[in-house]
Structure formats: C-alpha cells, structure tokens
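Observations on the model geometry
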Amino acid sequence: RSVRVGAPGSLDAYTKLAKTHYGLDTSVVDLGQYSASNSNSCMFLSCAASLSYRALSSPTEELPAILKAAIDDESSFRATTIEDLVSRHEKDRFDLLGRLADILRNAACEELKSQEELYFPFYAPVGIVARHRDPGPEEYRQWVERLAGSEEGDELVMLALAKICGIAVQALQMSGYRVPLMDPVGVSASGGFVAYWGNDDKHWVWLRPKDTPSE
C-alpha cells in the first residue's frame with residue numbers, strides 16, 4: 001500500500017469525525033503497512049509519525065530516547081519536516097519512520113511481556129471469545145511472540161504504545177463510533193500530547209493536525 005496524504009474517498013471520513021467530535025482540523029496520512037522489517041505495521045507507523053511530528057513541533061524539548069534510537073544524526077533530524085519524513089518513507093521503507101516503527105513494535109512486545117499481569121486481563125482475541133471461553137496465559141504469550149513478527153496491532157498494543165511513549169491516543173473509528181481516549185499516564189489532563197489515529201477495523205492511519213485551523 002502506497003503512502004496517501006489527504007487522499008480522497010473514504011479516508012475523508014476521518015477528517016470529518018475529527019472536526020465534529022474534537023474540533024480538530026486534520027489531514028489523513030496513510031503510511032501503508034510496511035515498516036523496515038515487517039508488514040502489518042500501520043499502527044506502529046502511525047505512532048512513529050506522531051512521535052516525529054511531536055518532536056519536530058517542539059524543537060526545544062529533549063528527544064525521546066525511543067526516537068533517538070532510530071535517528072542517525074539529531075541535528076539533521078531537527079532540520080527536516082514531517083512532510084519530508086513521510087515522502088522519504090514512501091520511497092524507502094528503511095528510512096526513519098520505517099525503522100522507528102520496528103523499534104516501537106519491539107518496545108511494545110517487551111512491555112506486554114514484562115507487564116503481563118497488567119495487560120493479560122484485557123486480552124480478548126475475537127476468535128477465542130467467539131468460542132465462548134476465556135484465553136489462557138500461554139495463548140497471550142504466543143500472541144506477543146507473533147506480534148514481534150508481523151502480527152497487526154490492536155487496542156491492547158495501542159495501550160502499551162501510549163504508555164511507552166508518554167502520550168495519549170485518540171482513535172477515530174470510521175464507523176463513527178466514539179472510542180474512549182487511551183491515556184494510561186494521564187497526559188491529556190495536563191495539556192500533554194494527544195495523537196489521533198484513524199481505523200476501519202483493518203488499517204490504521206495518522207491524522208496530522210493542520211497548522212492553520214479552518215473556519
């Protein structure tokens with residue numbers, strides 16, 4: 001899947017939802033599914049773009065350690081723009097956003113593994129629940145192992161990413177259903193960074209805030 005920025009058609013539903021529900025003017029950035037080493041990485045790519053946008057919008061703030069791990073040179077990163085990063089990812093999945101997505105995937109797996117007692121009670125895979133039984137710890141651990149490859153991210157992964165990155169995530173469901181804010185460290189109450197990601201039950205996109213709100 002190629003990168004689409006503000007693409008026409010169904011993706012426009014996300015911008016309308018963001019404006020209607022949160023008063024936010026956005027453009028949709030679809031980074032595809034391919035990170036540097038994995039597929040089904042659309043959630044991690046959306047997170048990578050969100051972190052990069054936040055850092056580039058706050059030039060006096062210290063870069064997060066997880067972002068530093070993906071960049072070759074901080075001064076060069078500071079001199080770029082989020083538009084440049086998106087364009088480079090379109091041409092090369094091994095560029096910054098693709099590498100950062102893989103780092104985020106690995107960090108989420110470590111978080112889910114090391115904090116199993118926190119996350120396991122919320123583990124409810126659709127197939128197992130449909131068979132009217134509760135999943136066991138071993139099934140949870142197998143899922144985390146698959147996630148380290150090319151398993152797609154879900155709401156539990158979003159929770160782990162928000163906690164790791166110290167951000168809040170507001171998902172926008174294309175159906176219009178209002179999803180609760182994912183804010184495990186309580187940053188929104190103090191004016192902290194909120195990332196907006198769109199989802200149609202299959203694919204995640206990043207909603208980039210527009211610099212100049214429309215009337």
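Cut-offs used in this document
The residue numbers shown here count from 1 along each chain, following its written sequence. Confidence filtering applies because this is a predicted model: local features only for residues at pLDDT of at least 70, side-chain atom pairs given and counted only at 80 or more, and all residues used for totals across whole chains, interfaces and linings. The side-chain figures draw on all heavy atoms in the structure; neither hydrogens nor water molecules are used. For salt bridges, the criterion is a side-chain nitrogen of Lys or Arg within 4 Å of an Asp or Glu carboxyl oxygen. The way it works is that DSSP assigns letters per residue, a run of H or I at least four long becomes a helix, a run of E at least two long becomes a strand, and they are numbered from the N terminus. The contact rule is simple, with two residues in contact once any of their heavy atoms fall within 4.5 Å. Think of it in three bands: residues with accessible area under 20% of the maximum for their type are buried, residues over 50% are exposed, and the middle band is partly exposed, with areas taken using a 1.4 Å probe on protein chains only. What the arc describes is the spread of directions from the helix axis to the C-beta atoms. Confidence scores here are pLDDT values: one per residue, from the predictor, ranging 0 to 100. Pairing of aromatic rings covers Phe, Tyr and the six-membered ring of Trp, with a centre-to-centre limit of 6.5 Å; geometry is then stacked below 30 degrees between planes, edge-to-face above 60, and tilted otherwise. Orientation is described by lines fitted to C-alpha atoms, with helices fitted over the stretch in contact, and by angles between N-to-C directions that extend from 0 to 180 degrees. Comment on the angle field: the value is read as roughly parallel under 35 degrees, roughly antiparallel over 145, roughly perpendicular from 65 to 115, and oblique elsewhere. As a working rule, the residues Ala, Val, Leu, Ile, Met, Phe, Trp, Tyr, Cys and Pro are called nonpolar, Asp, Glu, Lys and Arg charged, and the rest polar, with Gly in that last group. In this scheme, strands are said to pair when DSSP sees at least two bridges between them. Grouping buried Ala, Val, Leu, Ile, Met, Phe, Trp, Tyr and Cys residues that are joined through side-chain atoms within 4.5 Å yields what is termed a nonpolar core.

1. A closer look at the pattern of salt bridges
Side-chain pairs of opposite charge can arise whenever the charged atoms involved come near each other. By the definition in use, this model includes 12 salt bridges. Aspartate 25 is paired through a salt bridge with lysine 19; the nearest N and O atoms lie 3.2 Å apart. Close ionic contact of lysine 163 with glutamate 111 constitutes a salt bridge, the shortest N to O distance being 2.8 Å. Of this pair, lysine 163 sits in helix α10 (residues 155–165) while glutamate 111 sits in helix α6 (residues 96–114); the two residues are 52 residues apart in sequence, bridging distant segments of the chain.

2. Side note on the side chain of serine 46
Relative to the helices and strands, serine 46 is located in helix α2 (residues 42–57). In this structure serine 46 touches Leu31, Trp197, Trp204, Val205 and Trp206, once residues within four positions along its chain are discounted.

3. Concerning helix α5 (residues 82–91)
Within α5, the full set of buried residues consists of Ile82, Leu85, Val86 and His89. Looking straight down α5, one finds its buried side chains confined to an arc of 100°; they lie on one side.

4. Topic: the confidence of the model for the protein chain
Of all residues in the protein chain, 91% attain a pLDDT of 70 or more, and the chain-wide mean is 91. Long-range and interchain partners of residues 1–9, a stretch whose pLDDT sits below 50, account for 21 contacts in this model, where long-range means more than four residues apart.

5. Let's talk about the packing of aromatic side chains
Inspection of the entire model under this criterion finds seven aromatic pairs. Taken together, a centroid distance of 5.5 Å and an interplanar angle of 85° make the contact between tyrosine 123 and tyrosine 140 edge-to-face. Here tyrosine 123, found in the loop between α7 (116–119) and α8 (126–130), pairs with tyrosine 140, found in helix α9 (residues 137–147); they are 17 residues apart in sequence, far enough to count as distant. Of the residues examined, tyrosine 140 reaches a relative accessible area of 0% and is grouped as buried. Relative to tryptophan 143, the ring of tyrosine 140 has its centre 5.8 Å away and its plane inclined at 50°; by these criteria the two rings are tilted. Separated by three residues within a single helix, tyrosine 140 and tryptophan 143 lie in helix α9, roughly one turn from each other.

6. Side note on the packing of α6 against α10
Two quantities define a packed helix pair, namely the angle between the helix axes and the distance between the axes. Remark: α6 packs on α10, axes separated minimally by 9 Å, with the N-to-C direction vectors making an angle of 100°. Taken together, the axis directions place α6 and α10 in an arrangement best described as roughly perpendicular. The residues of α10 that touch α6, namely those facing Leu104, Ala107, Ala108, Glu111 and Leu112, are Leu156, Val157, Ala160, Leu161, Lys163, Ile164 and Cys165. Split into classes, the residues belonging to the contact of α6 with α10 amount to 10 nonpolar, no polar and two charged.

7. Examining the packing of α5 against α6
It is at 7 Å that the axes of α5 and α6 come closest, and there the two elements cross at 85°. By the angle between their axes, α5 is roughly perpendicular relative to α6. Residues Leu85, Val86, Arg88 and His89 of α5 form the contact with α6, whose own contacting residues are Leu96, Leu97 and Gly98. For the contact of α5 with α6, the residue count by class is four nonpolar, two polar and one charged.

8. A closer look at the pairing of strand β3 (residues 168–173)
Sheet faces and side chains relate simply in a regular strand, where the side chains alternate between the two faces. Of all six residues making up β3, six are buried, and the element is well covered by its neighbours. Burial along β3 is two-sided: the residues Ala168, Gln170 and Leu172 and Val169, Ala171 and Gln173 are all buried. Judged from the six bridges that link them, β3 and strand β4 (residues 194–199) form a sheet pairing that is parallel. The residue bridging glutamine 170 from the neighbouring strand is tyrosine 196, located in β4.

9. Digging into the nonpolar core
With 53 residues, the main nonpolar core has Phe77, Leu104, Leu112, Val157, Leu161 and Trp197 as its most contacted residues. Looking at this core element by element, the count peaks at 11 residues for α2. Ignoring sequence-local partners within four residues, the contact set of leucine 161 consists of Met43, Phe44, Cys47, Leu104, Ala108 and Trp197. One finds Ala18, Leu172, Tyr196 and Val205 within the second-largest nonpolar core, a separate group that totals 10 residues.

10. Considering the environment of glutamate 138
Within the secondary structure, glutamate 138 sits in helix α9. For the pair formed by glutamate 138 and serine 35, sequence separation is 103 residues and the distance between their alpha carbons is 28 Å.

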